[in-house]
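Read off the chains here:
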Amino acid sequence: MIKLKKRWEISESEVTPESLYRQRREFIKAASTIGGAMLLNAWPAANASYRVGDYRKGVISLDDEITGEEDVTAYNNFYEFGTGKEDPRENSKRFMTDDWTVVVSGACEKPGTYGLEDLIKPSELEERIYRLRCVEAWSMVIPWVGVPLGSILRELQPTSAARYVAFKTLHDPVRMPGQQRAVLHWPYREGLTIAEAMHPLTLLSVGMYGKTMPNQNGAPVRLVVPWKYGFKSIKSIVGIEFTEVQPLTSWNMSIPREYGFYSNVNPEVDHPRWSQKRERRIGEIFKRDTLMFNGYEEEVAGLYDDLDLSVNF
Ligand SMILES: Nc1nc2c(c(=O)[nH]1)N[C@H]1C(S)=C(S)[C@@H](COP(=O)(O)O)O[C@H]1N2
Ligand SMILES: [Mo]
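To keep things clear, this report deals only with the structure shown in the data block. (Residues numbered from 1 in each chain as written. Chains lettered and ligands numbered in written order. Predicted model: local features only at pLDDT ≥ 70, side-chain atom pairs only at ≥ 80, totals over all residues. Heavy atoms only, no water.)

**Here's the deal with the nonpolar core**
Soluble globular proteins tend to pack their nonpolar side chains together in the buried interior. The condition that has to hold: Buried Ala, Val, Leu, Ile, Met, Phe, Trp, Tyr and Cys residues that are joined via side-chain atoms within 4.5 Å together make up what is termed a nonpolar core. Summary of the burial criterion: residues with accessible area below 20% of their type's maximum are buried, those above 50% are exposed, and those between are partly exposed, where the area comes from a 1.4 Å probe applied to protein chains only. Only DSSP runs of H or I with at least four residues qualify as helices, and only runs of E with at least two residues qualify as strands; both kinds are numbered from the N terminus onward. Contact between two residues is taken to exist if any of their heavy atoms lie within 4.5 Å; hydrogens are not considered.
Grouped together as the largest cluster of nonpolar side chains are 74 residues, with contacts concentrated most on I120, L125, F167, L204, L223 and F242. It is strand β5 (residues 138-148) that contributes the most residues to this core, six residues altogether. Setting aside chain neighbours within four positions, we find F242 in contact with V104, S105, G106, A107, C108, L153, L156, P158, A162, Y164, V165 and I194.

**A look at the site of ligand 1**
What counts here: Here a residue is considered near a molecule or strand provided that any single heavy atom belonging to it is located within 4 Å of it. Think of a polar contact as two N or O atoms within 3.5 Å of one another; within protein, one of them needs to be a possible hydrogen donor and the other a possible acceptor, and neighboring residues in sequence only count if both atoms come from side chains. Residue-level accessible areas treat just the shown protein chains as cover; the underlying method is Shrake-Rupley with a 1.4 Å probe. Under this grouping Gly is polar, as are all residues other than the nonpolar Ala, Val, Leu, Ile, Met, Phe, Trp, Tyr, Cys and Pro and the charged Asp, Glu, Lys and Arg.
For ligand 1, the set of nearby residues contains 17 residues, the closest of which are N76, Y79, E80, R222 and K235. Between ligand 1 and N77 there is a distance of 3.1 Å, counted from a nitrogen atom to a backbone nitrogen or oxygen. Separating an oxygen atom of ligand 1 from a side-chain N or O atom of N217 is a distance of 2.9 Å. Protein contacts shield 98% of the accessible area of ligand 1, which totals 530 Å² for the unbound molecule. Of the residues that constitute the shell around ligand 1, the class distribution is eight nonpolar, six polar and three charged.

**With respect to the packing of aromatic side chains**
Which entries qualify depends on this criterion: Here a pair means two rings of Phe, Tyr or Trp (six-membered ring of Trp) with centres within 6.5 Å. Their orientation is stacked below 30 degrees between planes, edge-to-face above 60, and tilted elsewhere.
If you walk through the whole model with that rule in mind, you get 12 aromatic pairs. The interplanar angle of 90° and the centroid separation of 5.3 Å between the aromatic rings of F261 and Y262 together place this pair among those described as edge-to-face. Like Y262, F261 is buried. The interplanar angle of 15° and the centroid separation of 5.4 Å between the aromatic rings of F293 and Y304 together place this pair among those described as stacked. Here F293 is found in the loop between β13 (288-289) and α9 (297-300), whereas its partner Y304 is found in the segment after α9, with 11 residues between them in sequence. In this structure F293 comes out as buried when scored by relative accessible area, which is 2%. Exposure remark for Y304: the relative accessible area of 4% places this residue in the buried category.

**Topic: the side chain of K85**
Locating K85 in the fold gives a position in the loop between α3 (69-72) and α4 (87-91). Only 2.9 Å separates the side chain of K85 from the side chain of N77, close enough to count as a polar contact. At 3.1 Å, the side chain of K85 forms a polar contact with the side chain of E136. Excluding anything up to four places from it in sequence, K85 contacts A74, Y75, N76, N77, E136 and W138.

**Re the pattern of salt bridges**
Let me state the cut-off plainly: One side-chain nitrogen of Lys or Arg within 4 Å of one carboxyl oxygen of Asp or Glu is enough to make a salt bridge.
One pass over the structure, following the stated rule, counts 16 salt bridges. Among the salt bridges present, the one from R89 reaches E70, with a minimum N-O distance of 3.1 Å. Remark: E70 occurs in helix α3 and R89 occurs in helix α4; sequence separation between them is 19 residues. Judged by relative accessible area, which is 40%, E70 ranks as partly exposed. Here K232 makes a salt bridge to E190, at a shortest N to O gap of 2.7 Å. Taken together, the residues K232 in the loop between β10 (222-224) and β11 (237-243) and E190 in strand β7 (residues 189-193) connect sequence positions 42 residues apart.

**Some words on the pairing of strand β12 (residues 278-281)**
Applicable threshold: Any two strands between which DSSP finds at least two bridges are classified as paired.
Alternating positions in β12 separate cleanly, E279 and R281 being buried on one face and R278 and R280 remaining unburied on the opposite face. Across two bridges, β5 lies against β12 in parallel orientation. Residue pairing in the sheet places W138 in a bridge with R280 of β12. Two strands pair when backbone bridges link them, and β12 and β13 are joined in this way by two bridges, in the antiparallel orientation. Each bridged residue has a counterpart across the sheet, and for R278 the counterpart in β13 is D289. Hairpin connection from β12 to β13: six residues lie between these consecutive antiparallel strands, with G283 at a positive phi of about 100°.

And the structure:
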């Protein structure tokens with residue numbers, strides 16, 4: 001049987017060796033400090049996209065069976081590339097994420113525009129296997145590669161005014177054709193309290209199944225908050241802002257009575273249009289019970305001691 005090479009699986013010969021990659025980065029830095037615009041232009045069309053190489057395996061794992069990679073990369077919610085489950089894979093094929101930058105702003109000591117590899121050091125990547133529970137009552141188990149968001153935020157030195165963290169997806173209707181229709185308030189926005197953002201389970205992810213993040217899953221960088229409904233795990237992030245007030249979030253702006261700011265997985269609080277008691281695990285036949293906080297109750301319940309979860313859904 002011939003295994004077709006997937007688009008994001010680049011062959012060994014195409015991979016830039018780490019040392020060469022670093023040299024090139026140093027070169028680019030040096031060239032820009034001497035104002036070498038011509039030198040930069042002369043440099044071969046270097047593809048400065050984020051690539052997952054080595055990472056620490058199995059830092060957090062689960063007994064649940066991992067969902068097949070084929071399912072996780074073919075059945076997606078990513079409205080920037082269409083609202084059908086199979087649209088994102090098809091419509092994001094040519095989405096380019098080279099030279100991706102993230103603008104950090106708001107209440108912190110180190111605001112600025114960061115290249116992705118400066119924000120997420122490739123040497124710090126680790127694998128974490130998490131459940132992902134969509135608000136639509138299906139779920140998956142995904143081996144992510146990333147870094148704890150908290151470790152990145154700490155380096156940005158939030159000030160005491162920072163009570164929330166707001167995230168924004170790229171807004172570019174040419175590159176993200178789904179944004180040509182007003183299905184949501186673009187750009188896609190999400191947010192967490194600072195305590196949620198700093199929680200050790202919260203992950204900024206650049207890959208899955210040991211590989212670089214496929215476009216349809218949120219390349220080159222997306223959030224993963226395993227105890228919240230999937231829509232909190234915002235994809236293709238270009239903005240991180242520390243705020244004093246609770247940030248606006250796209251789903252809440254669209255349908256506030258259905259999608260709250262917290263959106264913690266909770267089998268006791270039904271969606272106004274369907275039950276949240278059970279879920280369909282992709283690849284399984286029988287439905288499963290949905291677990292409080294998606295099975296992460298022990299780790300995260302303490303964040304909500306002072307909150308009435310039926311009101312703050
Ligand atoms: N920018 C953006 N992020 C997004 C979405 C989206 O439409 N746009 N969909 C969300 C929803 S509803 C879910 S369930 C997860 C799905 O992630 P996956 O496709 O990697 O499984 O991404 C979330 N992040
Ligand atoms: Mo979702």
